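Structure at a glance
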Protein chains: 6
Amino acid sequence: MSDQLTHFDEEGKAIMVEVGDKTPTQRLAIARGEVRMQESTLGRILDGDFSKGDVLAVARLAGIMAAKKTPELIPLCHPLLLTSIAIDFFPHPGEGRVEIEARVRVTGNTGVEMEALTAVSGAALTIYDMCKAVDKGMEIHAIRLMEKHGGKSGTYLRNA
Amino acid sequence: MSDQLTHFDEEGKAIMVEVGDKTPTQRLAIARGEVRMQESTLGRILDGDFSKGDVLAVARLAGIMAAKKTPELIPLCHPLLLTSIAIDFFPHPGEGRVEIEARVRVTGNTGVEMEALTAVSGAALTIYDMCKAVDKGMEIHAIRLMEKHGGKSGTYLRNA
Amino acid sequence: MSDQLTHFDEEGKAIMVEVGDKTPTQRLAIARGEVRMQESTLGRILDGDFSKGDVLAVARLAGIMAAKKTPELIPLCHPLLLTSIAIDFFPHPGEGRVEIEARVRVTGNTGVEMEALTAVSGAALTIYDMCKAVDKGMEIHAIRLMEKHGGKSGTYLRNA
Amino acid sequence: MSDQLTHFDEEGKAIMVEVGDKTPTQRLAIARGEVRMQESTLGRILDGDFSKGDVLAVARLAGIMAAKKTPELIPLCHPLLLTSIAIDFFPHPGEGRVEIEARVRVTGNTGVEMEALTAVSGAALTIYDMCKAVDKGMEIHAIRLMEKHGGKSGTYLRNA
Amino acid sequence: MSDQLTHFDEEGKAIMVEVGDKTPTQRLAIARGEVRMQESTLGRILDGDFSKGDVLAVARLAGIMAAKKTPELIPLCHPLLLTSIAIDFFPHPGEGRVEIEARVRVTGNTGVEMEALTAVSGAALTIYDMCKAVDKGMEIHAIRLMEKHGGKSGTYLRNA
Amino acid sequence: MSDQLTHFDEEGKAIMVEVGDKTPTQRLAIARGEVRMQESTLGRILDGDFSKGDVLAVARLAGIMAAKKTPELIPLCHPLLLTSIAIDFFPHPGEGRVEIEARVRVTGNTGVEMEALTAVSGAALTIYDMCKAVDKGMEIHAIRLMEKHGGKSGTYLRNA
């Protein structure tokens, strides 16, 4: 791993670093996070009574669209032509939490870690928004990179 | 607190709910979160050697700009004329974490909880982005609403 | 009704016209449109087999988010603080078409006709996108203003 | 033609489908639509008295800029590096309608049908906006794909 | 005039300053700038041969749309509901330059100087873009605030 | 140099011209501009008393983010995957001015002159915004292309 913060030049000025000399490769990043909530809130989300509306379906779209907005949100991120974005939810009834996983792919010169993390964040914030009328105490936790593949630095796998 | 998920109508369809009959009031929301990292990463961020660049200054701007993008990111959020956004960082040397606090104000018909939470998320993601070359294992935690004031539902204070 | 194209000044130059001297009033606009498709495509959308995914739920969110983007899309539209956006679908099995209705409200100086029409367009385009793998021949028709209320020009009701 | 709605995975969850394994090819999509209006409204648009301002020139730019916004508007669309966008208008005096045609090209992994349809929609909505002070009854019709070329599924030509 | 840089708090941290306690007033800002070019380039722009296309009409729309994007571009700008935007061009044949003037109005808590300056910049950059194939040496000069009215600090008039 | 304004077709209609048949090459554009201000304003910006906040650091980020927004701001600009953006400031104490230089790179089918010029403009406007409370008379000058490399038209160097 580099020992440099690559978003600054040698004088400490913020830059969007040159990636034009990197070879485009297929890249994948997987990020995870979770929303913790009251058990009753999770019950409502999962309720068979789906006429109440599908919180997770809205959050999924929000996460996908957030991933596409990453270079607008993160000042020094490069624009990328994302080739796929998928978001999964893993509710844990009895534990009052929903895990979120985002998988983002690109064929390009730089990785998609930030896009995957941004997708998770966008989905998590949307779950909060959809449920805040009944549970203002919800918390977003453990947004983190699980895996990345491709690129010069190669594969990263988070220790379990 | 309401017992309804207000972003769905009675048939379960997602809507941006009517707020036009609410009285505009001065509103404030305060949200917090934190980025956990290796102690050495925090050391670099805080390093007197600020010629290395100011990670937190970039993250602060990213958080402010993210707050302004909230209605683009959260599908059912209302557009609002935010009147102030401030972001503070509380580094905890020795604990490998930086706390982030966002305070957002508006005079309007609906609250700014989501704007404050989005500001914290944007700042946290940017810290990750700025430091990921040296510490891919960083995690974002405990994004949560601390206080809100104003509006019909009045004051909310998180229990300590 | 005015006899002027109000988006041009007296010399024919495009302007975003002054509305600052208008009194803010509660305004509502209702627009409609429809997507025509093969009967089998509509069947899939409506299919009890909803594990196939909810086309209309995605289109509803797209329409809501499109309404918020109206001043970015329509060059001379004023920014507005929309207070509500709701979208309904009326499928017509046997006729191979889905009607779309958008209702948009604001308390402001100018009307929300364009926001309602843009919401319908965004929802219709998204239905096309979701189904184009099976039916490239779909057509979008009859996007039109049904009603508007509020503002100096008052109520408009389309003749049946 | 596929028999699947490709924007959902096998469990019915919305995804932005992987296109990274497709070969980039030159692609073209041509879409059309029309705005129907009072004959007098069309007369004003076409009037030699062009000091009244050029409605179609504004609509053309709006359509071009809308095409570039497609992945922000259509939730599951991929970002693309459009290589050209052209919009033509075909007024039909005596019939009270203006036809709109958009041609969009890309060298990429996925097609530009949605970009062409979005360009037509953006131009049509802008014509409505520019003329609504004199003709609120205008209608947008027949937004449809005329041709597409390139990509694995090859050429599509609408039947006349 | 204040002796403080108001976009920093007392510790030097960037903030979007609170304006919620200011009284909304009608405000106007007028900004100017100019594009200097070869006389032949200006000739083409002004040419009776308008079949060559209307550079200034495109630039006018770009300026209007840029003004609406100001809070996305200028990190610490407040969002505002602009009530009018108008852009005028004053070509100076024989001097190889086009002056640009933008007038922006709002009823709000903070001024529209940045919106007017951004409108001028957007129009100037677009003139450059439209003509760069024939004149890469064009320069943008003298973007400046001419007047502002309204708000606590009252009227500002640039010395001639 | 071409003798055509390439953003219009042969009939004078604005188009985003086809670049799909151009070969992707590595391209670089360098643009410059300057902000003129009172000597005391420049003193504050440069002041050792940096607890007053870092105007140029904010302006740098604004310029980088503005470059990424170029195709949204300039109507006929192509979207591009910028591979690097760097902004430098050259303050001239005693002359009351700060020079701004932006360097933008891409591997693509079309040049990045507009991105570099837009980066300079965004940084300059932000300097104005940050300092306008103490110096409304600031002016932005001499935004111009210094160099471009790559592409069919090859190298351009401004005469000194």
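Residues numbered from 1 in each chain as written. Chains lettered and ligands numbered in written order. Predicted model: local features only at pLDDT ≥ 70, side-chain atom pairs only at ≥ 80, totals over all residues. Heavy atoms only, no water.

**Describing the overall build of chain A**
The helix and strand inventory of chain A stands at 4 helices and 5 strands. Across its three principal directions, the C-alpha atoms of chain A cover 55 × 30 × 30 Å. For chain A, the residues scored as buried account for 68% of the 160 residues in total. A fraction of 70% describes how many contacts in chain A between residues 6 or more apart in sequence connect residues 24 or more apart. Only carbon and sulfur atoms are counted for the fraction: they give 49% of the accessible area of chain A, which is about 5,500 Å². With 19 positive and 22 negative side-chain charges, chain A shows a separation of 2 Å between the mean positions of the two kinds. (Helix = DSSP H or I, 4+ residues; strand = E, 2+ residues; numbered from the N terminus. Buried < 20%, exposed > 50% of the residue type's maximum accessible area, 1.4 Å probe, protein only. Contact = heavy atoms within 4.5 Å. Areas by Shrake-Rupley, 256 points an atom, 1.4 Å probe, with all protein chains shown as cover. Lys, Arg positive; Asp, Glu negative; His and termini not counted. Charge placed at Lys NZ, Arg CZ, Asp CG, Glu CD.)

**Comments concerning the UniProt feature "binding site: substrate" (unreviewed entry) in chain A**
Cross-referencing UniProt, the feature "binding site: substrate" (unreviewed entry) maps to A:Leu76, A:Cys77, A:His78, A:Met114 and A:Glu115 in the present numbering. Their sequence span is 40 residues, while the largest C-alpha to C-alpha distance among them is just 12.6 Å; these annotated residues converge on one region. Position of A:His78 among the secondary structure elements: in the loop between helix H3 (70-73) and strand S2 (82-92). Every residue in contact with A:His78, bar those within four places of it in the chain, is listed here: A:Met16, A:Val17, A:Val19, A:Pro71, A:Thr110, A:Glu115, F:Leu82 and F:Thr83. Relative to the helices and strands, A:Glu115 is located in helix H4 (residues 113-131). Residue class for A:Glu115 comes out buried when judged on its relative accessible area of 3%. Excluding its chain neighbours within four sequence positions, the residues that come into contact with A:Glu115 are A:Ala67, A:Thr70, A:His78, A:Leu80, A:Leu82 and A:Val104. (UniProt positions renumbered as here; feature names shortened; annotations may be inferred.)

**Concerning the relation of the copies chain A and chain B**
For these two chains of identical sequence, chain A goes onto chain B by a turn of 180° and a shift of 0.0 Å along the axis, with RMSD 0.0 Å. The operation mapping one copy onto its partner corresponds to a two-fold rotation axis. Of the C-alpha atoms belonging to chain A, the one lying closest to the rotation axis is found on A:His141, 2.1 Å away. Both copies contact each other with a shared surface, as 100% of the interface residues of chain A are interface residues in chain B too. (Least-squares fit on C-alpha atoms with pLDDT ≥ 70 in both.)

**Quick word on the pattern of salt bridges**
According to the stated counting rule, one finds 84 salt bridges over all chains in the structure shown. Here C:Asp9 makes a salt bridge to C:Lys13, at a shortest N to O gap of 3.4 Å. Across the pair C:Arg97 and C:Glu95 runs a salt bridge whose closest N-O atoms are separated by 2.8 Å. Within this structure, A:Lys69, A:Glu72, B:Lys69, B:Glu72, C:Lys69, C:Glu72, D:Lys69, D:Glu72, E:Lys69, E:Glu72, F:Lys69 and F:Glu72 form a network of salt bridges that share partners. (Salt bridge = Lys/Arg side-chain N within 4 Å of Asp/Glu carboxyl O.)

**A few points about the interface of chain A and chain B**
Across the boundary between the two partners, chain A contributes 55 residues, which contact 55 residues of chain B. Of the roughly 4,800 Å² buried where chain A meets chain B, counting both sides, 65% is carbon and sulfur surface. By the criterion of area lost to chain B, the three top residues of chain A are A:Leu5, A:Leu125 and A:Lys136, representing 14% of everything that side buries. On the surface where chain A and chain B come into contact, there are 4 salt bridges. A salt bridge links A:Glu139 to B:Arg158, with the nearest nitrogen and oxygen atoms 2.9 Å apart. Our count for the contact surface shared by chain A and chain B stands at 15 residue pairs in polar contact (both at pLDDT 80 or more). Those elements giving two or more residues to the side of chain A that touches chain B turn out to be helix H2 (55-68), H3, H4 and strand S4 (139-149) of chain A. Take the side of chain A that touches chain B: its biggest share by element is 11 residues, from H4(A). In the side of chain A that touches chain B, the residues fall into 27 nonpolar, 12 polar and 16 charged. Pairing geometry for S4(A) and strand S4 (residues 139-149) of chain B, over 2 bridges, is antiparallel. Of the residues in S4(B), the one forming a bridge with A:Ile143 is B:Ile140. (Buried area = accessible area lost by both parts, 1.4 Å probe. Polar contact = N/O pair within 3.5 Å; in protein donor to acceptor, adjacent residues only side chain to side chain. Nonpolar A, V, L, I, M, F, W, Y, C, P; charged D, E, K, R; others polar. Pairing = 2+ DSSP bridges.)

**Digging into the nonpolar core**
One finds A:Ile127, B:Ile127, C:Ile127, D:Ile127, E:Ile127 and F:Ile127 to be the most contacted residues of the largest nonpolar core, which totals 306 residues. What E:Ile127 contacts, discounting residues up to four positions off in sequence, is E:Val35, E:Met37, E:Ile45, E:Val55, E:Leu56, E:Ala59, E:Phe89, E:Ile100 and E:Met138. (Core = buried A, V, L, I, M, F, W, Y, C linked by side-chain atoms within 4.5 Å.)

**Considering the pairing of strand S2 (residues 82-92) of chain D**
Residue and element names in this part refer to chain D. With 8 of its 11 residues buried, S2 lies for the most part within the structure. Of the strand pairs in this sheet, S2 and strand S3 (residues 97-108) are connected by 10 bridges, and their pairing is antiparallel. Counterpart to Phe-90 in the pairing with S3 is Glu-99. The hairpin turn running from S2 into S3, its antiparallel successor, is 4 residues long, and Gly-94 in that turn takes a positive phi close to 90°.

**As for the environment of F:Leu145**
Tracing the sequence through the fold places F:Leu145 in strand S4 (residues 139-149). Measuring from C-alpha to C-alpha, the distance between F:Leu145 and F:Arg158 comes to 7.2 Å, with 13 residues separating the pair along the chain. Beyond its immediate sequence surroundings of up to four residues, F:Leu145 is in contact with E:Tyr128, E:Lys136, F:Ala29, F:Ile30, F:Ala31, F:Glu113, F:Leu117, F:Tyr156 and F:Arg158.

**Quick notes on the pairing of strand S1 (residues 25-36) of chain E**
All names here are of chain E. With 9 of 12 residues buried, S1 is to be regarded as a mostly interior element. Relative to strand S3 (residues 97-108), S1 runs antiparallel, the two being bridged by 12 bridges. Directly across from Leu-28, in S3, lies its bridge partner Arg-105. Where S1 lies against strand S4 (residues 139-149), 8 bridges are found, and the strand directions are antiparallel. Counterpart to Arg-32 in the pairing with S4 is Arg-144.

**Things to note about the packing of helix H2 (residues 55-68) of chain F against helix H4 (residues 113-131) of chain F**
How two helices sit against one another is set out by the angle between their axes and by the gap between those axes. All names here are of chain F. At a closest axis distance of 7 Å, the pairing of H2 and H4 adopts a crossing angle of 145°. Helix-helix and strand crossings are classified by hand; for H2 and H4 the assignment is right-handed. On the side of H2, the interface is formed by Val-55, Leu-56, Val-58, Ala-59, Ala-62, Gly-63, Ala-66 and Ala-67, while H4 contributes Glu-115, Thr-118, Ala-119, Gly-122, Ala-123, Thr-126, Ile-127, Met-130 and Cys-131. Residues that form the contact of H2 with H4 fall into these classes: 12 nonpolar, 4 polar and 1 charged. (Axes fitted to C-alpha atoms, helices over the stretch in contact; angles between N-to-C directions. Left-handed = near helix turned anticlockwise from the far one by under 90°.)

**Describing H4(F)**
In this model, H4(F) (19 residues) spans 28 Å end to end at C-alpha, consistent with the 27 Å of a helix rising 1.5 Å per residue. Taking burial as the measure, the 19 residues of H4(F) include 19 buried ones, the bulk of the element. (Expected span 1.5 Å × (residues − 1).)

**Topic: unusual backbone geometry**
Residues and elements named next belong to chain A. A positive phi angle, near 60°, is found at Ala-142, a position not held by glycine. Tracing the backbone through its elements, the reader meets Ala-142 in strand S4. The buried category is assigned to Ala-142, whose relative accessible area is 8%.

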